[in-house]
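This is what each chain is made of:
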Amino acid sequence: MLCLVSVNRSILLGSPFSNGSFTKGSNECLITAKLQPICKAGKSRRALRDNHIVGQKRLSIHEKVVHDSRISTVLEDENSVMVTAEEIEHEIGLLDLDPALKPFKDHFVYGIGRYVQQKRLIETYEGSLQEFAQGYRKFGFNREEGGIVYREWAPAAQEAQLVGDFNSWDGSKHKMERNEFGVWTIQIPDIDGKPAIPHNSRVKFRFMHGNEIWVDRIPAWIKYATVDPTRFAAPYDGVYWDPPSAERYQFKYPRPPKPDAPRIYEAHVGMSSSEPCINSYREFADSVLPRIKANNYNTVQLMAIMEHSYYASFGYHVTNFFAVSSRSGTPEDLKYLIDKAHSLGLQVLMDVVHSHASNNVTDGLNGFDVGQSAQESYFHTGPRGYHQLWDSRLFNYANWEVLRFLLSNLRWWLEEYQFDGFRFDGVTSMLYHHHGVNMTFTGNYAEYFSEETDVEAVIYLMMANSLIHFLRPDATVIAEDVSGVPGLGRPVLEGGIGFNYRLAMGVPDKWIEYLKNKEDEEWSMKEIVSCLTNRRYTEKCISYAESHDQAIVGDKTIAFLLMDKEMYSGMSCLELASPIVDRGIALHKMIHFITMVLGGEGYLNFMGNEFGHPDWIDFPREGNNWSYEKCRRQWNLVDTDHLRYKFMNAFDRAMNELDETFSFLASSKLIVSSADEEDKVIVCERGNLVFVFNFHPENTYEGYKVGCDLPGKYRVALDSDASEFGGQGRVGHDVDHFTSPEGVPGKPETNFNNRPNSFRVLCPPRTCVVYYRVDEDSISKGGGFVGAEVVPVEIEDVEVEIEDSDD
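Residues numbered from 1 in each chain as written. Predicted model: local features only at pLDDT ≥ 70, side-chain atom pairs only at ≥ 80, totals over all residues. Heavy atoms only, no water.

Draft legend 1. Spatial organisation of the confidence of the model for the protein chain. Per-chain confidence: the protein chain averages 86 in pLDDT, with 84% of residues scoring 70 or above. Every residue in residues 1-82 scores below 50 in pLDDT, and together they form 225 contacts with partners more than four places removed in sequence or on other chains. Note that residues 778-807 has pLDDT below 50 and, in this model, 115 contacts with residues that lie over four places away or in other chains. (pLDDT = per-residue confidence, 0-100. Contact = heavy atoms within 4.5 Å.)

Draft legend 2. Structural view of the nonpolar core. Core analysis: the biggest nonpolar cluster contains 202 residues, and Leu302, Trp413, Phe424, Phe593 and Phe693 have the highest contact counts within it. Considering every element that reaches this core, the biggest residue donor is helix H10 (residues 455-471), with 12 residues. Sequence-distant contacts of Phe593, defined by excluding residues within four places in its chain, comprise Phe651, Met655, Leu658, Phe664, Phe691, Phe693, Leu718, Cys768 and Val770. Counting 16 residues, the second-largest nonpolar core is a separate cluster that includes Val681, Tyr701, Cys708 and Tyr714. (Core = buried A, V, L, I, M, F, W, Y, C linked by side-chain atoms within 4.5 Å. Buried < 20%, exposed > 50% of the residue type's maximum accessible area, 1.4 Å probe, protein only. Helix = DSSP H or I, 4+ residues; strand = E, 2+ residues; numbered from the N terminus.)

Draft legend 3. Seen up close, the side chain of His592. Summarising the element assignment, His592 is placed in helix H15 (residues 579-598). Among the polar contacts listed, one links the side chain of His592 to the side chain of Glu546, at a separation of 2.9 Å. Here His588 takes part through its backbone oxygen, which lies 2.8 Å from a polar atom of the side chain of His592. Excluding residues within four positions of it along the chain, His592 makes contact with Ala545, Glu546, Ile558, Tyr603, Asn609 and Met655. (Polar contact = N/O pair within 3.5 Å; in protein donor to acceptor, adjacent residues only side chain to side chain.)

Draft legend 4. Representation of the sheet that holds strand E29 (residues 689-694) within the structure. Strand order in the open sheet formed by six strands is E27-E28-E29-E35-E31-E32, with antiparallel pairing between adjacent strands. The open sheet terminates on both sides in strands that have one partner only, identified here as strand E27 (670-676) and strand E32 (737-738). By the bridge criterion, six bridges tie E29 to strand E35 (residues 767-773) in an arrangement that is antiparallel. The residue of E35 that forms the bridge with Val690 is Tyr771. Across the face of the sheet, helix H12 (residues 525-533) comes into contact with E27 and strand E28 (681-686) while running at roughly 160 degrees to E27. The sheet contacts of helix H17 (residues 645-662) involve E29, strand E31 (713-719) and E35, and relative to E31 the element is tilted by about 140 degrees. (Pairing = 2+ DSSP bridges. Axes fitted to C-alpha atoms, helices over the stretch in contact; angles between N-to-C directions.)

Draft legend 5. Geometry of the sheet that holds strand E34 (residues 757-763). Here three strands make up an open sheet; going across it, the order is E30-E34-E33 and the pairing antiparallel. A single partner strand is all that each edge strand has here, and the edge strands are strand E30 (701-708) and strand E33 (740-741). Sheet analysis places E33 next to E34, joined by two bridges and oriented antiparallel. Across the sheet, Ser740 pairs through a bridge with Ser758, a residue of E34.

Draft legend 6. Structural view of empty space enclosed by the protein. Here the structure, examined in full by the defined rule, presents 11 cavities of 30 Å³ or more. By volume, the largest cavity is sized at about 240 Å³. Among the elements of the structure, helix H4 (105-126) and H10 are those that each provide at least two residues to the lining of the largest cavity. Broken down by element, the lining of the largest cavity gets its largest block of residues, five residues, from H4. (1 Å grid on protein atoms, 1.4 Å probe; cavity = no way out; pocket = protein on both sides within 12 Å on 5 of 7 lines; lining within 4 Å. Points joined across faces, edges and corners; volume = space filled by probe spheres on them.)

Take a look at the structure:
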């Protein structure tokens, strides 16, 4: 069949199939494209390596992926080109990188064709994707010569007015006019040279829908929204935010450079106070950011920034997408926070929610969809527009104005607030029509590429990543995806979706399974290694042992699972630690550290987990009498010198400092040489460091033989058993460990655990020790190189299959 390009602006590219799914047989699509470049012409791209190491065996991948293809021309060249599906298929770099994807080539051909078509339409009608994503300069409130212009897309409205404090909520003199695309506009002239709508005054969009009923809604593009704190369950009001220059925050510090590997501190500003209250942006900046910097994180990920009327939604039921959460302060206060982070060398990522929207009609975007057809709605109509588990609305990503709204939203946060990137929430829900509900992903490629694929959402994500990286080439963009879909973390030019990283979501589930269901003696070293390294070659992951998901009420953090009620009674250093506390602190350090070492190319920790915060998070709600008691962080626990929380915090600081010094997370070298089930010991190398994890609850191994790559002298770089981390100090830090050669040079099968050298160490139980090679190159940045990929490993008879990730 022939794929035709619809030119109806009100809905962009309706699918040739009723539900927007991909179907085989679409490879006869003929695509004409004349597009602006999505990246600078001639920009070099990192070539992929020809092979990588499995243990010590060479595993051929393919020839290097070449990007000077017809697809690159389609996406970059300003000249008009004609490309057939066969040419697209031949040049999709993702298929060369992973030949197992070739049976699904029709899927990629169709998706890229649709992507090109959508970009071409935007180019034709809007000039470029970048201009299209500046919708906030036209929609919402904007100062234009001699007055304020307000525009709102509401195609189903019969009449519309602007009301607010400025006209005593009487819109009879401020009626709006509608154009052919359903956009309502009004120009309000200045009065005596001053804006007719005062800064920080309330406003709403009033319109009449089909049954002649008038409703008031918060403007969709509003920059700030507040609620009357004296009224219980009061509705939110839109606020016209345009401070005078003297009150407008001016950024003072440049963005810090992108780190080789992100060490991310996930934080919720509102619950960051020690007191049972909602914390402010400025208090967080002045009190919490220094803690994050002191613990050697290089990136802050902020949750719940977009306005959400229901606090207990953790920020994931967004009502006002362009507005900062007013609970913690004003837009200028948030700018102060971000600028302060930049002054400390911290990049700031925003948790962005474009996977769904609050079902709230009064306060949110959902209130604009009053009986509209699919072409006139922000959201899909019928069952496709509603997420039953989340009780939220689902966007219609094929709609022209929805694309403008969401893409502009990304640019707004990047440019107005100087965010350095995003963590996209709920990506799995976007990728598939089933939203991942009641779906177990086994790694079978047929689970990813079928009629269940939501092509419109996938194309939106491709466009979003193209836009973000055009505007900020060094932006960090992370996908929260549990499915492990191939190509998620590869560039759009290769046929990928374009994210920099994917969250390794299977890892915390594994730790919870072990801590809840297995005795220490039952822990499998091979299974732990397999879980931590189970990710796609060349697609980077952010690893974490626990995030906010594991800290909310109804679940338990790792520290709570390990120590439970003894966290309240047994953490004093003034008395001997109980066996439960000793075990808990030791395993807390080991679990977080091995997750960091093996789990990905970046690392994430949620606020408070670094020191084993004892309470879960319970937001104020009817079920707890609207209490803030457990919606805070008890920093006093880690600050109190005679409490053992300080030990876990000190180790968290030290393991981040280790990466700061040796850059092992960014290294291409990751080899697990031993995962001994009887000894309960895992030995691995990352960068030029050697890591020894002894998970055995009792056994100490003297003179334990560990393999390594480079010969020479090794010393301790980090020791979880050191007294400063609450350990027993059994490992000597001033001891030199000299290597011995193993086997016949050039014959790995004769080596010790496939390593050409070895040395012997003291290996206490429930301890992890890191060794560095003492020479002129040992302590230097760049134990690896920026952007390196993880190397798959093979442990005895267990091969870790990174290609078929089921995280």
